[in-house]
Amino acid sequence: MTKRPNLIYLDYAASTPVDERVAEAMTALMTADGNYANPSSTHAAGRRSVEHIAHAADQLAELLNTDATRLIWTSGATESDNLAILGSAYYRQKRGRHLITMRTEHKAVTDAFSALERQGFEVTWLDPEFNGILDIGKLEDAMRDDTQLVSIMHVNNETGAVQDIRNIGAACRKRDVLFHVDAAQSVGKLPIDLESWCVDLMSMTAHKVYGPKGIGALYIADRPGVHIEPLLFGGGQQRKLRPGTLPAQQIVAFGMAAEVARSRMNDDLEHLKAMRDRFWSGVCDLPGIMLNGDIGNSFPGILNVSIEDIEGESLLLSLEPFCVATGSACNSKSQEPSYVLRALGRSDELAQSAIRFSFGRPTQVEEVDFAIERYRSAIEKLRQIAPERAT
Amino acid sequence: MSSDPYSARVRELFDAPVHAGCLDNASGTQIEDQGVRLRLTAELTGSDIRALRFQVWGCPHVIAAAEMFCESYEGRAASDLLEFSASDLMQSLSVPVEKTGRILVIEDAVRSLGSVVRGAFNQDD
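Residues numbered from 1 in each chain as written. Chains lettered and ligands numbered in written order. Predicted model: local features only at pLDDT ≥ 70, side-chain atom pairs only at ≥ 80, totals over all residues.

Turning next to the sheet that holds strand β8 (residues 216–220) of chain A. Residue and element names in this part refer to chain A. Here seven strands make up an open sheet; going across it, the order is β2-β8-β7-β6-β5-β3-β4 and the pairing mixed. Strands with a single pairing partner mark the edges of an open sheet, and in this sheet they are β2 (71–74) and β4 (122–126). Averaged over all pairs of adjacent strands, the angle between their axes in this sheet comes to 20 degrees, without regard to strand direction. One ladder, built from five bridges, connects strand β3 (residues 98–102) with β4; its direction is parallel. Within β4, the position partnered with Thr101 by the bridge is Trp125. The strands that helix α4 (residues 107–118) touches are β3, β4, β5 (147–151) and β6 (178–182); relative to β3, the one it contacts most, it runs at about 155 degrees. (Pairing = 2+ DSSP bridges. Helix = DSSP H or I, 4+ residues; strand = E, 2+ residues; numbered from the N terminus. Axes fitted to C-alpha atoms, helices over the stretch in contact; angles between N-to-C directions. Contact = placed C-beta atoms within 7 Å.)

Okay, structure coming up:
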């Protein structure tokens, strides 16, 4: 008999639970007998906080194969994206005001570019191929002499599509164009090698990788021409690029989450692939079902499926007690069909029927089997009560 | 304040739409509008509604509203269909205002069913 708890969470692309080791490391710095001092203070306790933060930076840097001095702490990926995009566009605007991104980026990126458009910058919005992947030839064609920045996400938060960051970076470097990567969905989940990749700026967050919410980081490459204007002022911390008291406990937690992720990345990937493949094989025979994306080119933690002639909101309610996403988690209150799926060429109706199942470390086979059973019965019920289309 | 977009009554009607289906050899109407596809069928006993069934493609509020309509109109005079107003459904089910257009599709379909039924009734006379 399948165990049926109140809620079954299959929305790990939206957020993850904090790993117990991470929570332990974090809380150790928060209480009276811990290292709670302000790291900007020059006394011994403050210096101890600085040491904790330096260790966390080393842990994260090791995960990314880079140097810890290139990391700036932020409140999360949204802030990192804004700081990278606005900050670098402002810094390089005397050289040119042309920028390139994709229509399928996260709102934290597209809204930042839209803000720049309103300020007189020119943005080229690239469409993905049918599978969500960028054609690098189209990116090369879009680059101009005045292009200053390209921003492409590593793993798409809705479809799981994985972009070829190494080769996109190489194309940008050839033209001396800055390259920013939103890696919110990939840090700690897929191998990243900033030492060899031509990435200038990379945004990341802890809460997608079993760390706490409220802490993220921005990688800034150490090479000529790579610099950002700050968006916040006061205090002078972090080379004045992102001032404010550093939340040592959050940073230590991110560092520990990075260390745990590095130590078990292969096991995690194998587990996610097994869960995703099990789910897909259990539903792929349903008439009218289709994958949004390409299973061969996507992160195994995310599976996004649409199905013909099914109303999305009713499907979502029928799937309870499963916690899954329709469209982007950040956009789930919107009645509009997902702009990401529309960019892949899906009709409004198909985009609206899309459900993103995202699997995580705690996902169990029994949960996946129950998800299969519930998805199939929901489709059957909704099809049974729907009338034929009028001819 | 609840963050659940669905009231307990909507959930109850959505989970068990006992009037979902189609009556054979009965009067019926179908409307497609506002992202809703709705078919209603009615069986009469004399001038009263003996049975109602619905088929719908729509959001949970629309499914619940269609079920609630069928539940509350069986046994009533067929002529009541022509006077049907969706405002009671909107209130009883706490339908969000942005879904008003979808619920009004039910009103259109019920009144259309009323006209069909009246036509059938007049023919029998």
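Turning our eyes to something else, we now look at the domain arrangement of chain A. Residues and elements named next belong to chain A. Here chain A is partitioned into domain 1 (8–17 + 265–385) and domain 2 (20–260). For domain 1 and domain 2, the distance between their C-alpha centres works out to 28 Å. Contributions of two or more residues to the side of domain 1 that touches domain 2 are made by β10 (302–307) and α9 (339–343). (Domains from an automatic or database assignment.)

Moving on to the sheet that holds strand β9 (residues 289–291) of chain A. Residues and elements named next belong to chain A. With antiparallel pairing, three strands are arranged side by side in an open sheet as β9-β10-β12. The strands lining the two open edges of the sheet, one partner per strand, are β9 and β12 (355–358). Strand-to-strand, the axes of this sheet are offset by a mean angle of 30 degrees, without reference to chain direction. Where β10 and β12 come together, four bridges link them in antiparallel fashion. Paired with Ile302 across the two strands is Ser358, which belongs to β12.

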